[in-house]
Amino acid sequence: MFLATTADWKPAHAHPDLKAGEVHVWRVPLSENDLEQLGALLSRDEWIRAQRFHFERDRARFICGRGLLRTILGRYLLTDPRSLTFGEGPHGKPELTGVASSLRFNLSHSDDLMLLAVTHARAVGVDVEMIRENVPVETLADYYFEPEDAWGLRLLPAPQRVWRFYELWTSAEARLKADGAGISGGLKVLQPDRWSLLKLTPAKGYTAALAVEGDDFQVECWSWQK
């Protein structure tokens, strides 16, 4: 496992070409999209799920997220995004079903921003968080983090603690999501050496991390454009 940083987000191609050994990360805004157009791409179950959100803002984000997920994956697969079907792993990790493809993906969203990681035939996980200054980082670190990490956080000057907390959180979440595990048992990663880890800065006020199985890959970062 290694830790690296990437921040070169390029305009996305209309027809992305994902080569073997590449990982594509998409930065996707969930605001100012055509809800009617994206909603038309959703399956019956997705549409029903969208209607269960109490707040219109959350409903709109869900519709945008699922519609844009279908749109982007449909471009890789050169297929109608409405024809895609999804399943879930043991801990709820989404995956494509009913399609003969080695394509693997993972997504995360926070507030109005979604990140989508796409690759071939290897596990991948991504996590993005909007930085919130009012989070009780010491309390959460004591509960979720390894004791050494929680103690190290407390030793930092106060202005640095929030950023360090989110850095540790997204890194652990990305690896757990790549492995298909949840955080119910804490953020401990059972096989840390299995994952290569990259820190991402997708937008001002956000931090993110990408976990990829192995180390023989290259990362391309794309910005979704309507």
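Computed from a predicted model, the values in this text were never measured in an experiment. (Residues numbered from 1 in each chain as written. Predicted model: local features only at pLDDT ≥ 70, side-chain atom pairs only at ≥ 80, totals over all residues. Heavy atoms only, no water.)

## Structural notes on the pattern of salt bridges
Between side chains of opposite charge, pairing is possible as soon as their charged atoms come close.
In step 1: All told, the structure shown has 17 salt bridges when counted by the stated rule.
In step 2: The partner of aspartate 17 in a salt bridge is lysine 19, with the nearest N and O atoms 3.2 Å apart.
In step 3: What makes aspartate 17 partly exposed here is its relative accessible area of 49%.
In step 4: Its salt-bridge partner being glutamate 213, residue arginine 194 comes within 3.0 Å of it at the nearest N-O pair. Residue arginine 194 is located in the loop between α6 (158-179) and β9 (195-200), and its partner glutamate 213 is located in strand β10 (residues 206-213); the two are separated by 19 residues in the primary sequence.
In step 5: When salt bridges with common partners are traced through the structure, they connect Asp58, Arg61, Asp111 and Asp112 into a single cluster. (Salt bridge = Lys/Arg side-chain N within 4 Å of Asp/Glu carboxyl O. Buried < 20%, exposed > 50% of the residue type's maximum accessible area, 1.4 Å probe, protein only. Helix = DSSP H or I, 4+ residues; strand = E, 2+ residues; numbered from the N terminus.)

## Looking at the packing of helix α2 (residues 44-51) against helix α3 (residues 56-77)
The description of two helices packed together rests on the angle between their axes and the distance between the axes.
In step 1: The interhelical angle for the contact between α2 and α3, taken along N-to-C directions, is 160°, at an axis separation of 8 Å. Between α2 and α3, the angle falls in the class roughly antiparallel. As α2 runs across α3, the sense of the crossing is right-handed. Contacts from Glu46, Trp47, Arg49, Ala50 and Gln51 of α2 reach α3 at Arg59, Phe62, Ile63, Arg66 and Arg70.
In step 2: Split by residue class, the contact of α2 with α3 holds four nonpolar, one polar and five charged. (Axes fitted to C-alpha atoms, helices over the stretch in contact; angles between N-to-C directions. Parallel < 35°, antiparallel > 145°, perpendicular 65-115°, else oblique. Left-handed = near helix turned anticlockwise from the far one by under 90°. Contact = heavy atoms within 4.5 Å. Nonpolar A, V, L, I, M, F, W, Y, C, P; charged D, E, K, R; others polar.)

## A word on the packing of aromatic side chains
In step 1: In this structure the tally under the stated criterion is 10 aromatic pairs.
In step 2: Judged by centre distance (5.1 Å) and plane angle (85°), the rings of tyrosine 144 and tryptophan 169 are edge-to-face. Of this pair, tyrosine 144 sits in helix α4 (residues 137-144) while tryptophan 169 sits in helix α6; the two residues are 25 residues apart in sequence, bridging distant segments of the chain.
In step 3: Residue classification places tryptophan 169 among the buried residues on the basis of a relative accessible area of 11%.
In step 4: Relative to tryptophan 169, the ring of phenylalanine 165 lies with its centre 5.8 Å away and its plane at 35°, an arrangement referred to as tilted. With phenylalanine 165 and tryptophan 169 both in helix α6 and four residues apart, this pair spans about one turn of that helix. Comparing phenylalanine 165 with tryptophan 169 shows no difference in burial state: the two are buried.
In step 5: An aromatic cluster of at least three residues, connected via ring pairs, comprises Tyr143, Tyr144, Phe145, Phe165, Tyr166 and Trp169. (Phe/Tyr/Trp six-rings, centres within 6.5 Å; stacked < 30°, edge-to-face > 60°.)

Nothing here speaks to function; it is all geometry.
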